[in-house]
Amino acid sequence: MSLVLLAALVPLVAAKAHPEAYNTITTAPAAPTGLHARSIAVSTYTYETTSPLPLTDYYYPYDDIPYKVNPYAVGRGPQSGYNVCNSTTEGEDSQCQTAVVNSIDDFCFWGAPGTTPNETIGDVEAAVVAYCTRSGHGARIFPPGTFTGVQFMKTDAYIQVVGFFNQTAINLASDDSGGELDPHGADYLGNPLGGLVYSTGLPSGDGETYLQTESWNNFVGSNQFCMKLCDPAYTADTNNYCQNIYDLVGCNYNMPSNWDEIEGTFMSCEGDLQDEVGTYTSNGATYTWSQPASLPATSTLPWTPRVPSSSNCVYYHSTDLFPLESLGYQSTAVALDDVSLTTSPATEPTSYGTVGDSTGTATTASASTTASASGSQASAASGSKASGSTATLSASKSASTSKSSSTSKSSSSASASSSSSSSSAAPLRVNVVGGVVGLAGFAVGVAAIML
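Nothing here was measured: the structure is a model prediction, and the numbers come from that model. (Residues numbered from 1 in each chain as written. Predicted model: local features only at pLDDT ≥ 70, side-chain atom pairs only at ≥ 80, totals over all residues. Heavy atoms only, no water.)

## As for the packing of aromatic side chains
Applying the stated criterion across every chain, the model contains 28 aromatic pairs. Measuring from centroid to centroid gives 6.1 Å for Phe107 and Phe225, while their planes differ by 20°, and the two rings are stacked. Separated by 118 residues along the polypeptide, Phe107 in strand β2 (residues 106–111) and Phe225 in strand β11 (residues 224–230) bring together distant segments of the chain. Residues Phe107 and Phe225 agree in their burial class; the two are buried. Of the aromatic side chains, those joined through ring pairs into one cluster are Phe107, Phe109, Tyr131, Phe142, Phe147, Phe165, Phe225, Phe266 and Phe322. Looking at Lys228, its charged tip hangs above the ring of Tyr158, at a distance of 4.8 Å from the centre. (Phe/Tyr/Trp six-rings, centres within 6.5 Å; stacked < 30°, edge-to-face > 60°. Helix = DSSP H or I, 4+ residues; strand = E, 2+ residues; numbered from the N terminus. Buried < 20%, exposed > 50% of the residue type's maximum accessible area, 1.4 Å probe, protein only. Lys NZ or Arg CZ within 6 Å of the ring centre and 35° of its normal.)

## Some words on the confidence of the model for the protein
Scored by pLDDT, the protein has a mean of 76; 65% of the residues are at 70 or more. In the predicted structure, residues 1–45 sits below a pLDDT of 50 and forms 22 contacts with residues beyond four places in sequence or in another chain. pLDDT under 50 marks residues 396–451. Its contacts with residues more than four places away, or in other chains, come to 113 contacts. (pLDDT = per-residue confidence, 0-100. Contact = heavy atoms within 4.5 Å.)

## Section: the state of the cysteines
Following the criterion strictly, the structure yields 5 disulfides and no others. Here Cys226 engages in a disulfide with Cys251; their sulfurs sit 2.1 Å apart. Its S-S torsion of about -100° marks the bond between Cys226 and Cys251 as left-handed, since a negative value means left-handed. In this pair, Cys226 is assigned in strand β11 and Cys251 in helix α4 (residues 250–254), connecting sequence segments 25 residues apart. Accessibility classification places Cys226 together with Cys251 in one group, the buried group. Each sulfur of the disulfide joining Cys269 and Cys313 lies 2.0 Å from the other. For the disulfide bridge between Cys269 and Cys313, the dihedral angle about the S-S bond is near 115°, and by the sign convention the bridge is right-handed. (Disulfide = S-S within 2.5 Å.)

## With respect to the sheet that holds strand β7 (residues 179–181)
Judged by pairing direction, the sheet is mixed, and its 7 strands sit side by side in the order β7-β10-β11-β6-β5-β12-β15 without closing on themselves. One side of each edge strand has no neighbouring strand; the edge strands of this open sheet are β7 and β15 (310–315). Taking the axes of each pair of neighbouring strands and ignoring which way they run, one obtains an average angle of 15° across the sheet. Here strand β5 (residues 147–154) pairs with strand β12 (residues 266–271) via 5 bridges, running parallel. When the bridges of β12 are listed, Lys154 appears paired with Glu270. (Pairing = 2+ DSSP bridges. Axes fitted to C-alpha atoms, helices over the stretch in contact; angles between N-to-C directions.)

The structure is reproduced here in structure tokens:
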């Protein structure tokens with residue numbers, strides 16, 4: 001028998017004696033879940049498309065982001081800015097379209113792409129760019145004097161940051177009522193086109209690794225802002241906490257918060273989950289409200305959104321959160337001096353935390369379960385000003401612990417609430433411009449498809 005034939009027979013004999021050693025059928029691995037599953041599912045085509053996919057289909061590791069997510073001249077494309085953002089792109093004219101939300105002292109949200117405060121969200125939503133609280137993200141940086149109150153909230157399903165600010169800091173016209181930015185839009189390409197959002201602070205994260213979420217929304221306007229990032233790994237219930245179909249009802253309904261407590265304070269809290277937007281209970285029955293195509297400014301919705309309970313709130317001095325040295329190219333900028341919101345805390349905290357401290361070293365906020373209708377608006381106070389601090393992003397606050405008497409709040413006039421609902425209705429700020437733009441965008445998308 002030749003050596004060649006003998007060599008061929010040896011493994012066959014071994015297989016006969018020990019068949020398990022040569023069994024090519026292996027047990028299927030456990031199905032991946034959460035962020036890992038999503039990255040596998042889309043990785044085969046994320047980088048290989050020749051026309052734009054829906055923005056929510058794109059997944060990129062933070063260290064492997066493409067220069068542009070949407071470089072395609074299709075529909076509203078290509079995107080106006082770029083996604084690779086670093087020290088070379090950071091500055092007052094940055095066109096960075098990658099936003100980061102990590103903590104109360106490190107977050108971004110979307111603002112106008114121009115360099116003068118005369119734009120409206122309805123006109124520039126496709127081209128908005130990232131503005132951040134500190135240098136290091138390759139974006140624009142909020143100038144000193146921007147914020148008059150901020151709350152960062154972490155829950156099991158999402159994180160969010162909400163508050164009051166001088167919207168001219170993101171080059172919006174001072175009277176713009178604003179609108180919603182989200183990863184959908186009528187053509188599913190997002191606003192901004194190609195906009196990516198990352199965080200090290202998602203509930204499923206390790207506090208260090210940047211994880212992407214394609215489920216988020218951001219409202220800006222009337223000197224109020226709110227931004228929420230939903231954790232793709234959350235599966236405890238089927239609620240969608242980051243819906244993008246309620247663009248006309250703003251922060252008050254999409255991210256219910258105790259606005260009276262937030263005004264004039266800077267705090268980071270843990271919180272319970274909010275109700276899914278549009279779902280509410282009245283007289284023991286559960287109802288779902290669908291947003292119409294338009295809402296008159298005098299509209300009253302049949303319910304007031306429940307404000308989730310919060311706990312372990314740590315209060316901060318704004319100068320600790322936003323020190324001058326963290327502001328990069330803005331560090332020599334003159335502070336904003338037209339903040340039109342003069343604020344002081346509703347209740348002065350008895351102690352303050354230090355940046356990075358999430359332990360119980362500061363006052364714990366009392367839990368709240370109902371919204372305050374009077375605290376759900378953020379219109380600028382007419383004729384009042386607060387000088388901006390040159391060493392912080394926040395506006396200077398009155399020494400008094402009570403609300404400044406010069407601070408006025410306005411709300412849309414509201415008709416009497418429906419007698420069939422036991423929940424009192426909340427005043428509604430309607431984003432008419434955003435709704436019109438959304439309908440126009442839908443028409444353009446349909447026309448593009450027909451062509």
